[in-house]
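# Architecture and fold: a report
Spelled out from the first residue to the last, the chains are:
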Amino acid sequence: MSTPRIEVHLNKIHHNAQTIVGRLKARGISVTAVTKAVCGHPSIAQAMLDGGVIGLAEARLSNVRKLRKAGIKCSITLIRTPMLSQIDQVIQFCEASYNTEMPVIAALAAAATRKDTVHGIILMVEMGDLREGIMPEDLCAIAQQVVDLPGVALKGIGANYACLSGTAPNAAEMEALSDLANDTEAQCGTFFQTVSGGNSANLPWALDGHPICRINDLRLGEAILLGVDPVSGDQIDGTYTDAFTLVAEVIETGSKPFPLLNSICDPVFKRLHLVPKSGQSERMILAIGHQDTDVLGLSMPPDNRLLGATSDHLVIGTRQLAQKVGSEMRFQMNYSALMNAMSAPDVKTKLLRDNPSPRAPVSEGQANNLVSI
Ligand SMILES: *Cc1c(COP(=O)(O)O)cnc(C)c1O
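The notes below deal with the structure included here. Given the structure is predicted, the values throughout are model-derived calculations rather than measurements. (Residues numbered from 1 in each chain as written. Predicted model: local features only at pLDDT ≥ 70, side-chain atom pairs only at ≥ 80, totals over all residues. Heavy atoms only, no water.)

## Remarks on the overall build of the protein
We count it as follows: Only DSSP runs of H or I covering at least 4 residues are called helices, and only runs of E covering at least 2 are called strands; the numbering of each starts at the N terminus. Each residue is assigned to one of three classes by its accessible area relative to the maximum for its type, calculated with a 1.4 Å probe on protein chains only: buried under 20%, partly exposed between the two thresholds, exposed over 50%.
From N to C terminus, the protein includes 11 helices and 18 strands. Taken over 373 residues, the protein has a buried fraction of 51%.

This is how it looks when you write it as structure tokens:
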């Protein structure tokens, strides 16, 4: 079987989506599934749709095109504000988009009018993460302009948390977003069908019993795909954390001295100030590297340690050399490792539709023989 590859358990993704959708439904919140980490893979998107999400969201038009080409008919929202150079395709492939710039919205409106259609607009508001978003004090004026434009329909507002800042939103922040929705509706005389509270980092808030106020949608990628809360790294109750496995092949084995401090050239190690302890080690080289994944996002199997990586090689120290040249090693991936591996041309995807096995324990994936200096 070809390596490197990602084995994808579609039933586990379906189960995760169903579990999270069910819990949020009880709270009055719908789920829009985000497919960017799997590059808009149609079968994975379909597994999430089968799990009950109301639609899909994508950051990149190239991925949306892939979904449409595979026959996915559901509503797809572009969650990264559209590029002016792609306006016509946004109108063609997406029902709605998240927006922060009036010139872009005007171009969408003009293109939609030319095509005799109406494009949905959700205004992204800056609520503290300091990535994209309209400043709250400017929201009302912009909302009014959107309402007045033919070719676009103002569907609602949304916010994003924990992407740049890394902190999860709390109840007060969700209340502030709800108040903003109410105030803007009152001032513009419009109604917001969607108030999208955020991403997977919002789940602890959403499931914690706080009043949800006006929030009625979350955009979830990581929580469904990997079963973890991105901020704490904790497993989400009742979900699988092993829907994806990266499989790589051993191309060299044997004993070598640990590299000396001054011979470590891997920028990843330099950045983390990690040096191996001294001594000899049994080691393996795998045919996978920085070009294929985020190597620091791989969970090492027990008794195996990450010693280093280059563009095409992964060097692993091991207690006992059970693996032979030609054998395969399996890794769990974090979101960053998954996202990189899914978009790497040499990493193939193998879809599995088996019934979910009993839940695998969450592996720690620490490089235990590396000491911090
Ligand atoms: C990536 C992204 C999401 C999904 O984030 P997850 O952490 O995968 O749930 C939601 N909204 C926006 C705007 C995004 O860019």
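Past the structure itself, the notes keep going.
## Digging into the site of the ligand
Spelled out, the test is: Any residue with a heavy atom positioned within 4 Å of a molecule or strand is treated as near that molecule or strand. Any N or O atom pair separated by 3.5 Å or less is treated as a polar contact, with the protein-specific requirement of one donor-capable and one acceptor-capable atom, and with residues adjacent in sequence counted only for side-chain atom pairs. Working definition of accessibility: Shrake-Rupley area with a 1.4 Å probe, residue cover restricted to the visible protein chains. Think of it as three bins: nonpolar holds Ala, Val, Leu, Ile, Met, Phe, Trp, Tyr, Cys and Pro, charged holds Asp, Glu, Lys and Arg, and polar takes everything else, Gly as well.
Close to the ligand lie 14 residues, the nearest being Lys36, Ser200, Arg219, Glu222 and Tyr335. Between the ligand and the protein, one listed contact pairs a nitrogen atom with a side-chain N or O atom of Arg219 at 2.9 Å. Measuring from an oxygen atom of the ligand, one finds a side-chain N or O atom of Tyr335 at 2.6 Å. Protein contacts shield 94% of the accessible area of the ligand, which totals 380 Å² for the unbound molecule. Broken down by class, the residue content of the shell around the ligand amounts to 5 nonpolar, 4 polar and 5 charged.

## Details of the nonpolar core
Worth spelling out the cut-off: The term nonpolar core refers to a set of buried residues drawn from Ala, Val, Leu, Ile, Met, Phe, Trp, Tyr and Cys, joined through side-chain atoms within 4.5 Å. Bear in mind that the domain bounds are from an automatic or database domain assignment. Should any heavy atoms of two residues lie within 4.5 Å, those residues are considered in contact.
In this structure, Leu123, Leu225 and Phe244 are the most contacted members of the largest nonpolar core, which totals 102 residues. It is helix H5 (residues 102-114) that contributes the most residues to this core, 7 residues altogether. When residues of this core are sorted by domain, at least three fall in each of domain 1 (9-226) and domain 2 (244-352). Those residues in contact with Phe244 that sit more than four places away from it in its chain are Ile6, Glu7, Val8, Ile13, Val38, Ile44, Leu225, Leu226, Phe331, Gln332, Met333 and Leu338. The next biggest cluster of nonpolar side chains, apart from the first, holds 7 residues, and it includes Val34, Ala57, Tyr98 and Met124.

## Observations concerning unusual backbone geometry
In this structure, Pro4 follows Thr3 across a cis peptide bond, with omega equal to -10°. Its place among the elements puts Pro4 in the segment before strand E1 (5-9). Positive phi is not limited to glycine here, since Asp116 has a value of about 60°. With respect to the helices and strands, Asp116 occurs in the loop between H5 and strand E6 (119-125). Classification of Asp116 as exposed rests on a relative accessible area of 73%. Although it is not a glycine, Ala162 sits at a positive phi angle of roughly 70°.

## A word on the layout of surface pockets
Under the convention used in this document: Buriedness of a pocket was judged along seven lines, with at least five required to meet protein on both sides within 12 Å; pockets are open sets of points on a 1 Å grid over the protein atoms alone, cavities are sets where a 1.4 Å probe fits but cannot get out, and lining residues have an atom within 4 Å of a point. Grid points are joined across faces, edges and corners, and a volume is the space filled by probe spheres set on the points.
Taken as a whole, the second largest pocket holds about 290 Å³ of empty space. Mapped onto the lining of the second largest pocket, the elements with two or more residues apiece are strand E2 (30-34), strand E3 (55-58) and strand E5 (96-99). When its residues are assigned to classes, the lining of the second largest pocket shows 5 nonpolar, 7 polar and 3 charged.

## Side note on the pattern of salt bridges
Put simply, the test is: We count a salt bridge whenever a side-chain nitrogen from Lys or Arg sits within 4 Å of a carboxyl oxygen from Asp or Glu.
Under the criterion given, the structure shown has 10 salt bridges. One salt bridge connects Arg5 with Glu328, and the closest N-O pair in it is separated by 3.0 Å. One end of the pair, Arg5, is in strand E1; the other, Glu328, is in strand E16 (residues 328-333), and 323 residues separate them in sequence. Its relative accessible area of 4% is what places Arg5 among the buried residues. With its nearest N and O atoms 3.2 Å apart, the salt bridge here joins Asp242 to Lys12. Of this pair, Asp242 sits in the loop between helix H9 (222-226) and strand E10 (244-257) while Lys12 sits in helix H1 (residues 10-25), placing them 230 residues apart in sequence. With respect to class, Asp242 is no different from Lys12; both count as buried.

## Structural notes on the packing of H1 against helix H2 (residues 42-50)
Convention followed: Angles shown run from 0 to 180 degrees and are taken between the N-to-C directions of axes, each axis being a line fitted to C-alpha atoms and, for helices, limited to the stretch in contact. Helix crossings are classified by the rotation of the near helix relative to the far one: an anticlockwise turn of less than a right angle makes the crossing left-handed, while a clockwise turn makes it right-handed.
Orientation of H1 relative to H2, taken along the N-to-C sense of each, is 40°, at an axis distance of 7 Å. The hand of the H1/H2 crossing is right-handed. Across the interface between the two elements, Leu10, Ile13, His14 and Ala17 from H1 touch Ser43, Ile44, Ala47, Met48 and Asp50 from H2. Looking at the contact of H1 with H2 residue by residue, the class counts come to 6 nonpolar, 2 polar and 1 charged.

## Section: the pairing of E2
Looking along a regular strand, one sees the side chains alternate between the two faces of the sheet. Keep this limit in mind: Between any two strands, at least two bridges found by DSSP are needed for them to pair.
Judged by how many residues are buried, E2 sits mostly within the fold: 4 of 5 residues are covered. With 4 bridges connecting them, E2 and strand E9 (residues 217-220) associate as parallel partners. Each residue of the ladder has a partner; that of Ser30, found in E9, is Asp217. Strand direction decides the pairing type here: E2 and E3, joined by 3 bridges, are parallel. Paired with Val34 across the bridge in E3 is Ala57.

## A word on the side chain of Asn63
Tracing the sequence through the fold places Asn63 in helix H3 (residues 61-69). At a separation of 3.2 Å, a polar atom in the side chain of Asn63 contacts the side chain of Glu58. Setting aside residues no more than four positions away along its own chain, Asn63 makes contact with Lys36, Cys39, Gly40 and Glu58.

## Examining the packing of helix H6 (residues 136-148) against helix H7 (residues 171-188)
Spelled out, the test is: If an angle is under 35 degrees, it is roughly parallel; if it is over 145, roughly antiparallel; if it lies from 65 to 115, roughly perpendicular; otherwise it is oblique.
For the pair H6 and H7, interaxial distance at closest approach is 10 Å and the crossing angle is 40°. Our classification of the angle between H6 and H7 gives oblique. Our pair here, H6 against H7, has a crossing hand that is right-handed. Residues Pro136, Leu139, Cys140, Ala143 and Gln144 of H6 form the contact with H7, whose own contacting residues are Leu180, Thr184, Gln187 and Cys188. Its residues assigned to classes, the contact of H6 with H7 comprises 6 nonpolar, 3 polar and no charged.

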